[in-house]
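Coordinates in review
Listed here are the chains, written in short residue letters.
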Amino acid sequence: MRGVEKRFGDVTAVAAMDLEIRPGELMVLVGPSGCGKSTLLRLIAGLEEPSAGEVWIGGRCVNEVAPGDRDVAMVFQSYALYPHMTVARNLGFGLQVRGASRVEIEERVRRAAEALGLGDLLTRRPGQLSGGQQQRVALGRAIVRDPGVFLFDEPLSNLDAGLRMRTRDEIAALHDRLGTTMIFVTHDQMEALSLGQRVAVMDRGRLQQAGTPHEIYERPRNLFVASFVGSPPINRLRLVREDGGGRLAGGPFVFPGRPPFAHATLAVRPEDLVVTPADGRAEATATAPEATAAPRATPSPLADFTATVLRAEALGSEQRLHLDGPGTAAWVARANPAPALEPGTAVHVSVDWARSHLFGPDGVRTGPAPRPAPASGPRP
Amino acid sequence: MSGSRNPVAGTVPAIAAAAAAAGLALLLAIAGSAVREARHDAAGDLARMAAALWELPGGGDAAVAAFLPERARIEAVAEGGTGAPADPGAWAYRAGTLEPGARIGVAAAGDTSPLPRTATLIALLGLSLLAAWAWKRRRSSPPSRYPAAPALLAVGLLAAVAGAGKAWADRELHLVSAGQAAHAARAVGVALATGAAPEIAPRVAGLPWATAAALESPGELWTMPREVAVALAASPSSPPGELAYTVRVRGATYHGAAVALRPAPSADTPGRAPDTLHLALLGYEETRSPAVPLAAAALGSALLVSLILFLLPLSARPRALRRTLAAWGFLAPAGALLLVFTFGPLLFSLWISLHEWHLVDPAHPFTGLDNYRALLADGSWWSAIRNTAVFTLHVPLAMAVALALAILTRGSRRAVRWARLALFLPSITSVVAIAVVWKWLLNDGYGLVNRTLEAMGPGSAAWLTSPDIALATLMAISVWMVVGYQMVVFQAGLASIPRDFYDAARVDGAGPLQRFRHITLPGLRHTLFFVLVTSVIGSFQVFGLVYVMTEGGPLGATDVAVYHIYREAWEFLRFGNAAAMSWILFAVVFAATWLHFRFLERRGARA
Amino acid sequence: MPDRAAGTPTGRPTAGESRRPGLRAPVRLAASARAVLLGAACLLMAAPFLWMAVTSLMGQLEVFSSGRLLPETPLWSNYPDALTAQPFARYFLNSLIFAAAVVTGQVATATTAGYAFARFDFPGRDKVFMLFLATMMVPAVIVLIPRFLMIDALGWIDSYQGLISTELVSVWGIFLMRQYFRTLPRELEDAARVDGAGRARIFWSVGLPLAKPAVATLALFAFIDAWKNFLWPLLVTRSMEMRVVEVGIAAFHSTYEINWPYQMAAGVVAVLPIALLFLFTQRYFVRGIQLEGIR
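Cut-off values and rules
- Residues numbered from 1 in each chain as written.
- Chains lettered and ligands numbered in written order.
- Predicted model: local features only at pLDDT ≥ 70, side-chain atom pairs only at ≥ 80, totals over all residues.
- Heavy atoms only, no water.
- Pairing = 2+ DSSP bridges.
- Helix = DSSP H or I, 4+ residues; strand = E, 2+ residues; numbered from the N terminus.
- Axes fitted to C-alpha atoms, helices over the stretch in contact; angles between N-to-C directions.
- Buried < 20%, exposed > 50% of the residue type's maximum accessible area, 1.4 Å probe, protein only.
- Contact = heavy atoms within 4.5 Å.
- Buried area = accessible area lost by both parts, 1.4 Å probe.
- Salt bridge = Lys/Arg side-chain N within 4 Å of Asp/Glu carboxyl O.
- Polar contact = N/O pair within 3.5 Å; in protein donor to acceptor, adjacent residues only side chain to side chain.
- Nonpolar A, V, L, I, M, F, W, Y, C, P; charged D, E, K, R; others polar.
- Expected span 1.5 Å × (residues − 1).

1. Regarding the sheet that holds strand β17 (residues 319-324) of chain A
All names here are of chain A. On the basis of which strands lie adjacent, the open sheet formed by five strands has the order β15-β19-β16-β17-β18 and antiparallel pairing. A single partner strand is all that each edge strand has here, and the edge strands are β15 (273-277) and β18 (331-335). For this sheet the average axis-to-axis angle between neighbouring strands, irrespective of direction, equals 45°.

Now the structure itself:
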């Protein structure tokens with residue numbers, strides 16, 4: 001499948017979109033609500049018509065092809081099961097419309113139902129099923145048709161947390177088994193990262209970045225991607241250009257060199273902050289769990305700045321610290337659960353600068369921030 | 001870009017051109033067939049005249065031969081045969097009142113007349129232009145700078161052809177009627193020659209003739225409005241003989257012919273016996289003019305062509321085109337029925353209201369606004385309007401009762417469901433049955449109401465027979481009828497007011513009346529408005545109650561607008577007047593609705 | 001109504017005032033006053049029907065004897081006598097044919113048109129819809145004369161097609177169906193489209209089955225409107241064989257002017273089917289009225 005440019009309407013829901021999805025790939029479209037990801041999916045399905053540009057599936061332009069003839073199957077957020085038909089008829093409707101023989105329909109419905117564990121439910125109506133079962137039927141309806149492309153429009157958002165995890169794994173397993181191209185839309189970045197072979201991040205109708213989950217997380221192309229992906233969200237700090245280089249707004253240190261912009265944004269992931277209590281118990285270094293598991297570049301013994309703990313959330317496997325540090329923003333750091341840090345505790349914080357990101361005023365990443373030097377003094 | 005790729009795009013202009021061509025062909029066929037039918041029927045009339053002559057004492061073959069030397073022939077028919085004409089194309093037959101075994105056939109004038117040549121030329125020219133444009137358009141995809149131009153061209157073309165067709169048909173029909181008048185005069189002449197009495201002689205001409213001679217003799221002979229006969233008699237230019245002439249009366253064309261009568265045989269006839277008989281036929285160009293079908297066909301074809309041309313830009317996007325076509329396909333059943341039975345009649349009604357339109361009079365002379373002007377001075381009509389307006393005053397009363405009932409029945413317990421049946425039943429059952437029951441209940445002497453009132457003391461009243469209270473009685477019955485429906489609407493409205501509002505008001509210490517004033521009423525504002533408007537529109541159209549219970553009486557006290565219109569049209573057969581009345585009624589209803597909107601909108605803005 | 005104090009068991013948010021188990025005396029008084037009022041209102045509303053039923057069983061002269069409220073002996077023979085005095089069976093058949101055809105026609109036209117307005121995106125849709133709606137403001141009497149002339153010109157006076165053809169479309173029904181279709185989840189139809197169904201198939205297999213409640217409401221209203229229709233059948237029917245019940249009763253009324261028991265018997269027979277119909281289909285009425293309010 002080759003996705004070329006798609007634009008849409010006077011209210012631009014999807015603007016100048018160029019996206020290629022490789023055959024057999026599980027691609028996740030992710031973005032905040034209203035970013036056009038569902039519209040994009042509906043464009044691919046043919047439920048909307050592009051106002052400009054072309055959609056290509058399997059080497060043919062399908063702009064003028066009706067949804068039913070595109071060899072795609074779709075699972076909807078609300079499942080969209082026909083409430084007046086039994087599960088069996090729901091599953092078989094697509095085949096029936098295509099004029100498949102009764103025997104064939106029965107056979108394929110039976111196989112799909114068995115694969116999904118729906119064998120006992122075939123004579124029920126959707127209203128008599130639980131949410132999870134409905135979700136399976138919706139999935140089954142897509143599988144029965146044996147389509148070239150699966151489209152998922154936030155199919156998990158109506159499930160409770162546990163079921164969502166399980167279904168997510170099932171979809172991944174299904175993809176492994178069928179090897180069919182799948183496009184999955186979600187607003188949940190965790191879901192996107194865990195499920196997708198590749199992830200496309202969208203915002204306000206534009207594609208922000210497409211890449212593997214690793215690329216998206218480690219090398220976000222712009223500020224939006226950096227702040228959208230990751231939980232808790234990335235720390236964002238404004239930098240102002242100064243004579244000696246860039247200065248953290250209201251902060252104690254200056255970055256050497258001349259940043260090319262008057263304003264820039266520095267972003268540091270919460271797990272890349274190393275927090276040490278300032279009361280001298282230096283040995284009780286608290287670092288991010290990842291850092292403990294696979295130490296990266298040795299954190300500098302020198303703390304980059306000192307901060308006060310405003311609030312500490314004990315989450316079990318880690319504690320999340322809200323720090324009153326330099327800069328305009330409140331800092332968030334992830335730390336080992338022990339020792340528990342009370343609000344008001346003064347801490348030293350060092351930053352893994354190599355893993356930080358510097359974004360220009362247009363939000364595009366320029367690279368990691370250079371290691372800063374302490375400022376000569378607070379600015380008036 | 002993809003326009004040339006798909007097959008649909010290329011076919012649309014072709015379809016448009018084909019539709020235009022079909023429309024033109026239809027127009028020409030309509031014009032042609034109107035004339036052909038008129039000729040055929042005229043031949044039938046001649047056959048009837050011939051048969052009448054044949055039957056006259058002293059008539060027979062000779063009279064028929066004298067009447068129609070070339071075109072008539074008498075045939076023997078096999079006993080019991082149904083009498084299918086030997087040559088149906090050329091001969092119009094009438095197996096008249098001849099003695100068994102014979103019939104008279106008259107040849108219709110030949111169908112030699114060509115279809116209107118100018119119209120055909122214009123049509124072909126326009127069509128080829130359209131086709132050329134469509135062909136060019138198919139090749140080049142950029143949108144035309146004048147998208148409406150081809151549609152206008154098509155509409156103009158169709159209108160031109162329809163106009164030319166009508167002109168041609170009218171001219172031909174004119175000739176046919178003139179010929180008929182001449183023939184009628186000749187038939188009367190032949191009849192007189194066979195010795196028929198002057199009173200009887202005109203009858204051979206048959207209906208529907210107007211005869212001026214009959215003016216002095218008993219009125220049985222003239223079947224046309226009297227004023228036509230008067231005009232004919234007064235026509236000074238009438239040349240005695242068999243020559244047809246034309247008079248215009250009330251804007252309609254009559255073809256007249258004069259016959260010299262022999263002096264009346266009996267000398268003791270009082271008054272002057274006429275020496276000339278004038279026969280007049282309402283011109284076929286008035287009664288058989290294909291104007292309406294032509295206009296309808298032209299309009300329909302123009303719509304079709306415009307629609308297709310309108311779809312043309314979509315043809316580059318077959319999916320959008322298909323969607324639009326599908327949508328119109330879904331709309332087609334309802335749309336076509338509405339077009340034929342609602343939108344068409346609306347225009348037709350306006351048209352009728354501008355004419356003097358009597359149901360049995362084939363002439364519908366255009367009278368402009370005369371009908372309306374006459375109605376302005378028509379006291380009985382305005383009293384009907386006044387009665388209707390007064391009648392409408394029952395609506396607020398009914399609404400107050402309905403609202404009270406709705407509040408009483410709030411909640412949906414079983415008892416309330418049964419109560420709802422009792423309350424709702426009057427508004428859904430047969431109006432006529434209800435009217436009959438009430439007529440019985442309110443019977444002056446034996447009705448339950450009067451008997452109860454007498455037993456209780458206050459005494460009886462002439463509910464339906466007193467001009468003072470009959471309308472009020474009808475209003476009361478109407479309240480009884482509509483209250484259930486209104487109640488259910490209010491119940492739905494009440495259910496949509498969030499209960500939190502009431503709880504909040506109670507917490508704020510509002511009493512029941514204050515809660516009603518400040519929560520219920522504002523919450524029901526839209527519902528109240530909806531009920532008011534629909535009920536007022538409905539009450540302006542009350543008919544069944546009046547028809548059954550009072551027939552507009554006593555003394556016109558309950559003569560409401562629709563009943564008045566009904567009588568004007570179906571009792572006095574004055575359709576033109578009745579149509580004008582209905583438009584005045586519409587204006588009144590519209591004004592009332594508009595006032596409601598204005599008034600309540602302003603109130604709403606203030607609230 | 002003893003359960004009035006119990007409060008709504010399901011906790012449904014009715015617009016009523018909150019009712020608590022511990023009622024104060026004035027509240028109870030108000031409740032019983034309300035019951036009495038309601039009862040009186042119902043009695044008043046039902047009285048004509050009851051009187052109709054009572055009179056229908058009286059003797060022809062008995063009705064004129066004063067002071068008599070109930071028949072001495074119920075005269076059931078009034079019914080067969082009255083109903084055979086004029087061909088009421090035929091009237092009923094005609095009414096049924098008329099109503100059935102109107103219901104079928106209106107359901108067919110309203111569902112298709114309502115679906116088109118609710119679900120299709122085509123140029124000029126809203127204008128056409130407004131044009132349709134505007135006809136609801138026009139008094140029916142305006143089109144009466146031209147319709148009559150058209151039916152006359154077609155030679156359809158005194159025929160079923162003349163009776164039926166003008167009544168086959170209801171703008172109110174189109175409006176109702178459009179409102180209802182708009183409340184249906186669009187995703188269902190999207191799913192059907194992805195499943196490969198065409199427009200007609202989606203309408204038939206998905207849209208229409210889901211709209212059953214609205215169709216039931218529409219059918220009900222159409223049936224009752226057709227059954228109640230008086231003026232149009234009065235105009236286009238001439239012969240006894242073509243009369244519908246409404247026209248039949250009116251004619252019966254003018255023929256048997258003073259035979260009230262006969263007339264009442266006929267009236268009972270005319271009212272009864274509608275009453276029964278309403279009894280069993282109340283909720284569709286209420287739903288129809290509620291749907292009307294959705295704008």
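2. Some details on unusual backbone geometry
For A:Ala80, which is not glycine, the phi dihedral falls at a positive 50°. Here A:Ala80 shows up in the loop between β6 (72-75) and α2 (87-97). With relative accessibility at 4%, the residue A:Ala80 sits in the buried group. Phi angles above zero are rare outside glycine, and B:Glu551 is one such case at about 50°.

3. So, the interface of chain C and chain A
With 15 residues of chain C at the contact, the number on the chain A side is 27 residues. At the boundary of chain C with chain A, total buried surface from both sides reaches about 1,700 Å², with 59% on carbon and sulfur atoms. Considering only the side of chain C, the residues that lose the most area to chain A are C:Glu187, C:Val194 and C:Asp195, jointly responsible for 39% of the buried surface there. Seen at the junction of chain C and chain A, the total is two salt bridges. Between C:Asp195 and A:Arg145 there is a salt bridge, with its nearest N and O atoms 3.2 Å apart. Inspection of the chain C/chain A interface yields 10 residue pairs in polar contact (both at pLDDT 80 or more). For the side of chain C that touches chain A, the element with the most residues is helix α8 (residues 186-194) of chain C, which contributes seven residues. Class assignment for the residues of the side of chain C that touches chain A results in eight nonpolar, two polar and five charged.

4. A few points about helix α10 (residues 212-228) of chain C
Between the first and last C-alpha of α10(C) there are 24 Å, a value that for 17 residues agrees with the 24 Å anticipated at 1.5 Å per step. Where α10(C) is concerned, the buried positions are C:Ala214, C:Val215, C:Thr217, C:Leu218, C:Ala219, C:Leu220, C:Phe221, C:Ala222, C:Ile224, C:Ala226, C:Trp227 and C:Lys228.

5. Quick notes on the environment of A:Arg219
Residue and element names in this part refer to chain A. Relative to the assigned elements, arginine 219 resides in the loop between α7 (213-218) and α8 (223-228). Here arginine 219 falls in the exposed class, since its relative accessible area comes to 54%. The spatial distance from the C-alpha of arginine 219 to the C-alpha of proline 368 is 9.5 Å, given a sequence separation of 149 residues. The residues contacting arginine 219, other than those within four sequence positions of it, are Gln209, His214 and Arg365.

6. Brief notes about the interface of chain B and chain C
With 98 residues of chain B in contact, the opposing surface of chain C contributes 98 residues. Each partner contributes to the roughly 9,000 Å² buried at the junction of chain B and chain C, and carbon and sulfur atoms together form 76% of this total. Summed over the shared surface of chain B and chain C, the number is zero salt bridges. Counting across the interface, chain B meets chain C through 13 residue pairs in polar contact (both at pLDDT 80 or more). Counted by class, the side of chain B that touches chain C contains 72 nonpolar, 14 polar and 12 charged residues.

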